[in-house]
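So the chains spell out like this:
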Amino acid sequence: MTPRGLPASVRLSILDRSRTRHGEPDALALQATMDRAERADALGLHRYWMAEHHAVPGIASGSPQLLIAAAAARTRRIRLGSGGVMLPNHRPLIVAEQFAMLEALHPGRIDLGVGRSLGFTAPVREALGVSEYGTVEFGRDLAAVRDFLHGRGPVSASPVVPAPPVFVLATGSGLEVAADAGLPVVVGGPRLLADPSPLERYRETFRPSSAVPEPYVVVNVDVMIAGDTTTARELLLPEAWAMAASRETGVFGPLQPVDDVLALTMRPQQRRRIDQWLAGTVHGTAGEVASELARLIDRTGADEIMASTSTFDRDELAKADAAFAELVR
């Protein structure tokens, strides 16, 4: 254990969603994602992943593949990946060739995280051309991507390189697919993290291979570290308000300044939604966060924590990332 209470073997990583800010052009969010990748590299964090969201107001990242390429050119050692590529939106051969190319250009630093989420709204799903996509389809496409990466496909994916590791962004049924394929998983959400039994089944049914001999669990959770608990909670309010508002309007929206959110007149239901969302986060001082993450690791058996830290003030975000990186030293 480190002095702050986290096992020294636990890896710490970041998932960045290129969140936009009220009053700023979307391009600034992408530049900030690149700047944050450079800082994460300098801080010694293990991975830095970028997300895929289509036509979601408030999120500028629709192509993690392009962001990975840009970030790889500006970093030295940190692993870069997708959190994740949503297989309903892509042909398996294209995914395999894109990540083979990234691996060829930046050997040993690329991760392919895949998921099966559909578009955020019905119009987005229609624009993407997929309205239904279940576990069977996901398992089929996952197998096809891996076959192409390993040279087992009906055609040859180019370039031919050692296959980058594949991770499955999973919930209940996704965990079954990952276990059957013998792949590491990325899990999140208060409901899943509160009940370790799906992860226990994943470990029990995991099919080892030479590439992945043991189950591997990455826990994704919203984390915020500040000088005191109240400040940490307030820094999470822009994201909490965006989540609460989206439940009513269907629009996620850019982050607003903390003071603007504090000044809002909210209905009781909105406050309840904010409180519910905050209850699923880990926030507080460095010591408080370390203790809570240690309990989470003990409960889930996590090998790695991937923080989805987000707030309006980018200087505060940088401080929080630095404090997060110090939790394991």
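Please refer to the structure placed before this passage.
Residues numbered from 1 in each chain as written. Predicted model: local features only at pLDDT ≥ 70, side-chain atom pairs only at ≥ 80, totals over all residues. Heavy atoms only, no water.

> Can you lay out the pattern of salt bridges for me, pointing to particular residues and giving the numbers?
Between side chains of opposite charge, a pair can form as their charged atoms come close. With the rule as written, the count across this model stands at 17 salt bridges. As a salt-bridge pair, E239 and R17 come within 3.1 Å of each other at their nearest N and O atoms. Within this pair, whereas E239 is found in helix α9 (residues 229-249), its partner R17 is found in the loop between β1 (11-16) and α1 (26-43), the two being separated by 222 residues in sequence. The exposure class assigned to R17 is buried, which follows from its relative accessible area of 17%. One salt bridge connects R19 with E239, and the closest N-O pair in it is separated by 3.2 Å. One end of the pair, R19, is in the loop between β1 and α1; the other, E239, is in helix α9, with 220 residues separating them in the sequence. Each member of the pair, R19 as well as E239, is classed as buried. One salt-bridge network, in which partners are shared between bridges, spans R47, R79, D111 and E304. (Salt bridge = Lys/Arg side-chain N within 4 Å of Asp/Glu carboxyl O. Helix = DSSP H or I, 4+ residues; strand = E, 2+ residues; numbered from the N terminus. Buried < 20%, exposed > 50% of the residue type's maximum accessible area, 1.4 Å probe, protein only.)

> Let's hear about the packing of aromatic side chains: which residues, and what values?
Applying the stated rule across the entire model yields two aromatic pairs. Here W49 and F167 contribute two aromatic rings whose centre-to-centre distance is 5.2 Å and whose plane-to-plane angle is 80 degrees, an arrangement assigned as edge-to-face. Linking W49 in strand β2 (residues 47-50) with F167 in strand β6 (residues 166-169), this pair joins segments that are 118 residues apart in sequence. This pair shows no difference in class: W49 is buried, exactly as F167 is. Aromatic side chains Y202 and F206 sit 5.7 Å apart centroid to centroid with 75 degrees between the ring planes, which places their arrangement in the edge-to-face category. (Phe/Tyr/Trp six-rings, centres within 6.5 Å; stacked < 30°, edge-to-face > 60°.)

> Explain the nonpolar core to me, and be specific about the residues and the numbers.
Among the nonpolar cores identified, the biggest contains 71 residues, and L293, I305, F324 and L327 are the most heavily contacted of them. Among the elements that make up this core, the one with the highest residue count is helix α12 (residues 286-300) (seven residues). Of all hydrophobic cores here, the second largest spans 17 residues; its members include A240, V258, V261 and I274. (Core = buried A, V, L, I, M, F, W, Y, C linked by side-chain atoms within 4.5 Å.)

> Which residues make up the side chain of E52, and what values do they have?
If you trace the backbone, E52 turns up in the loop between β2 and α2 (64-74). Although E52 lies buried, it forms no salt bridge, and the closest oppositely charged side chain, R125, sits 13 Å away as judged by the N-O distance. One polar contact links E52 to H54, side chain to side chain, over a distance of 2.7 Å. Among the polar contacts listed, one links the side chain of E52 to the backbone nitrogen of M86, at a separation of 3.1 Å. (Lys, Arg positive; Asp, Glu negative; His and termini not counted. Polar contact = N/O pair within 3.5 Å; in protein donor to acceptor, adjacent residues only side chain to side chain.)

> Account for the environment of A323, with residues named and values stated.
Position of A323 relative to the elements: it lies in helix α13 (residues 314-325). Separated by 137 residues in the primary sequence, A323 and V186 place their C-alpha atoms 23 Å from one another.

> How would you sum up the pairing of strand β3 (residues 79-82)? Please name residues and give values.
Residues R79 and G81 line one face of β3 and the alternating positions L80 and S82 line the opposite face, and both faces are buried. In the sheet, β2 pairs with β3 via four bridges, with the strands oriented parallel. Bridging across to β3, R47 finds its partner in R79. With respect to chirality, the unit in which β2 leads through α2 into the neighbouring parallel β3 is right-handed. Sheet analysis places β3 next to strand β5 (residues 110-115), joined by two bridges and oriented parallel. The partner of L80 across the bridge, within β5, is I110. (Pairing = 2+ DSSP bridges. Right-handed = clockwise from strand over helix to strand, strands pointing away.)

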